[in-house]
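The chain contents come next:
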Amino acid sequence: MKTLLWQACVSGLLIGGVYALVALGLTLIFGVMRIINFAHGALMMLGMYATFFLYDLAGVDPYLSILLVGPAFFLVGVALERGVIEPNLGTAESNQLLLTLGVALFLENAALALFKPDYRSLRLPYATQAFLLGDAVVNVQRLIAFACSVALALALWLFLKHTDTGKAIRAAAEEHEGALLVGINVRRLYAVAFGIGSGVVAIAGSLVTPFLYVAPDVGDVFNILAFVIVVLGGMGSFVGALLGGFLVGLAESFGAALLPGSLKQLPIFVLFVLVLLFRPSGLFGRGV
Amino acid sequence: MSRLPWVAVGVAAVVLPPLASPYVVHILVLIVFFAFLGAAWNLLGGYAGQFSFGHAAFFGIGAYTSTLLLTRVGVSPWLGLLAGGLLAAAFGCFAGFLAFRYGLRGPYFALVTLAFAEMLRLVAVNWMAVGGPMGILIPLPKEGDAFWRLQFREKLPYYYVMLGLLAVALWLTRRIERSRLGYTLLAIRENEDAAEASGVNTLATKLWAMGLSSFLTALGGTFYAQYFSFIDPTLTFGVAVSVEILLRPIVGGPGTLLGPVLGSLVLTPLSELTRWLIRGRPGVDVMVYGAILVLVVTFLPRGLVGAWQAARRPRPA
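Thresholds applied
- Residues numbered from 1 in each chain as written.
- Chains lettered and ligands numbered in written order.
- Predicted model: local features only at pLDDT ≥ 70, side-chain atom pairs only at ≥ 80, totals over all residues.
- Helix = DSSP H or I, 4+ residues; strand = E, 2+ residues; numbered from the N terminus.
- Rg over C-alpha atoms; globule rule 2.2 N^0.38 Å.
- Buried ≥ 20, exposed ≤ 12 C-beta atoms within 10 Å, placed from the backbone.
- Contact = placed C-beta atoms within 7 Å.
- Nonpolar A, V, L, I, M, F, W, Y, C, P; charged D, E, K, R; others polar.
- Expected span 1.5 Å × (residues − 1).
- Axes fitted to C-alpha atoms, helices over the stretch in contact; angles between N-to-C directions.
- Parallel < 35°, antiparallel > 145°, perpendicular 65-115°, else oblique.
- Left-handed = near helix turned anticlockwise from the far one by under 90°.
- pLDDT = per-residue confidence, 0-100.

### Looking at the overall build of chain B
Of regular secondary structure, chain B possesses 14 helices and 2 strands. A globule of 317 residues ought to have a C-alpha radius of gyration of about 20 Å, and chain B, at 19 Å, matches this closely. Split into buried and exposed, the 317 residues of chain B put 50% on the buried side. Across chain B, every contact between residues at least 6 apart in sequence was considered, and the portion connecting residues at least 24 apart equals 77%.

In structure tokens, the structure reads:
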């Protein structure tokens, strides 16, 4: 039993790093634009397909493909923001919700139409080993994903803290009108934020491709998880998304260890509902 | 507007279908089916302004309740309809109470409804007593049992059942529109805080909308089970169901009587047409849905009905 719990702990933390990365993208977008991006999971899924095809057709190592996927999806995010979201920025919140839902439907089913529903998987000839950490098995691919996620999160943190654009993003997230008053081009920042969020989640997709299957619907799970994490940690909170990612990773892992079947997701939803009801601002967030 | 066009449409809807081929009747059944579900969603989403992304929860409750009653206990789906509806309304009021009592609005409300639907789906998948991931198959009826089992050999009787349900839903919507409840719903939609400040019991009003909406949606779930004779957790509780339900009223015109009907008249044949034209490529029809949703939200925020109403309004000189 102790072994089981320790394994759950290790696995949960490892995947939690990736979850945190996904959530960071979402929380950045929400923090700046106050939009709940339903298309987040779809973008991750497309990142996974990009990585898969780069490997399958061009032999590009998934971990190297990050250098291509990240910037490419940054541009995709900017294009989406400019083309679809920008024209609707002043309207009702419910409109924006439906907007990103529409984008999500479109992207997911475009993938379905283009790539068919078959599950694909990418098997790396190296990095299939696993080693033991105490009694727990640590899969090297998951470890790499974890390490890269944490590194990217750190990079993002440094970007937000020390670069002008990063500080401008934080300013716009914290005090929208104040940012406008001091001359920050908030509209341009929307595109940047959406781009970064998209790029980050696509990279997260690249990182998990070696050990997850790739299919048009694989983004759905991450979508919901991202929402849960962001709500749990507090919409717009960097630290919240980070900690929330690990918490949810652990919750899912313990759920998988202790509950039968696919019920492992249930504790996450229960947690979600509880947080929404009793502390919708999350652990670190500002008010709803 | 004179009554005549509506009477004509109503008569046509009743008299013409027997002349159509079974495939066309099937399309008509689907149109009316989704219009009904849309009308149910509309009560909560369009009139009260509370966008639910989890109506599949009620749909599934209706489908599973009546199906379990029929296949395990032998109860007629006509009674199962009521049982499912009441159960769904109870669940809806429970979930609604939690959500509204704790002040969830807008996207947060949408997310929590999504979460509830997903939770029910997970429970259904993992609970073998209700069929688990394999779902439940409704065996075909013996000769003469068709009516009380709500299972017919032809599609036409299904069409009339659904038409009847749609008529009920539209009548109910019309009655609510013109009642105090209707006005308070609109007040809540436009500005909930102002409504509360004006003395409206927003919690009770929203719960009414939730209860009615969930009851009706569950009826649709029962019908689905009877029409297709098979249900499983994804077909009934899945996100796709919630999306299909809300798409028609949004495109047609949220908060209007005919919005869901118009939305269904446009979207349902479009989806069938797309699927037929692009055979062998699953997903294109939903891609079209996504694109339409984006376009409608951007250019026709009040839906087709809203756009038509705006066009009829005299412009200032």
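The rest of the description comes next.
### A few points about the interface of chain B and chain A
Across the boundary between the two partners, chain B contributes 32 residues, which contact 36 residues of chain A. Among the elements of the structure, helix H5 (106-126), helix H11 (239-252) and helix H13 (284-299) of chain B are those that each provide at least two residues to the side of chain B that touches chain A. In terms of residue count, the dominant contributor to the side of chain B that touches chain A is H5(B) (12 residues). Among the residues forming the side of chain B that touches chain A, the class breakdown is 25 nonpolar, 5 polar and 2 charged.

### As for the environment of Gly199(A)
Assignment of secondary structure puts Gly199(A) in helix H8 (residues 186-208). In contact with Gly199(A), not counting residues within four places along its chain, are Gly70(A), Pro71(A), Phe73(A), Phe74(A) and Gly77(A).

### Concerning H5(B)
Because an α-helix packs 3.6 residues into every turn, residues spaced three or four apart end up facing the same way. For H5(B), built from 21 residues, the straight-helix expectation of 30 Å at 1.5 Å per residue is met to within 8% by its first-to-last C-alpha distance of 31 Å. Extensive coverage of H5(B) is indicated by the burial of 17 of its 21 residues.

### A word on the packing of helix H12 (residues 259-277) of chain B against H13(B)
All names here are of chain B. Viewed as axis vectors pointing N to C, H12 and H13 meet at an angle of 140°, and their least axial separation amounts to 8 Å. Comparing the axis directions of H12 and H13 gives the class oblique. Classified by chirality, the crossing of H13 by H12 is right-handed. Here Leu270, Ser271, Thr274 and Arg275 of H12 lie close against H13, whose contacting residues are Val284, Asp285 and Val288. Tallied by class, the residues present in the contact of H12 with H13 amount to 3 nonpolar, 2 polar and 2 charged.

### A short note on the confidence of the model for chain B
Residues and elements named next belong to chain B. Per-residue confidence for chain B gives a mean pLDDT of 90; residues scoring 70 or more make up 98%. Per-element confidence in chain B ranges from a low mean pLDDT of 84 for helix H1 (residues 4-15) to a high of 95 for helix H9 (residues 202-228). The ipTM for the predicted assembly is 0.86, set against a pTM of 0.90.

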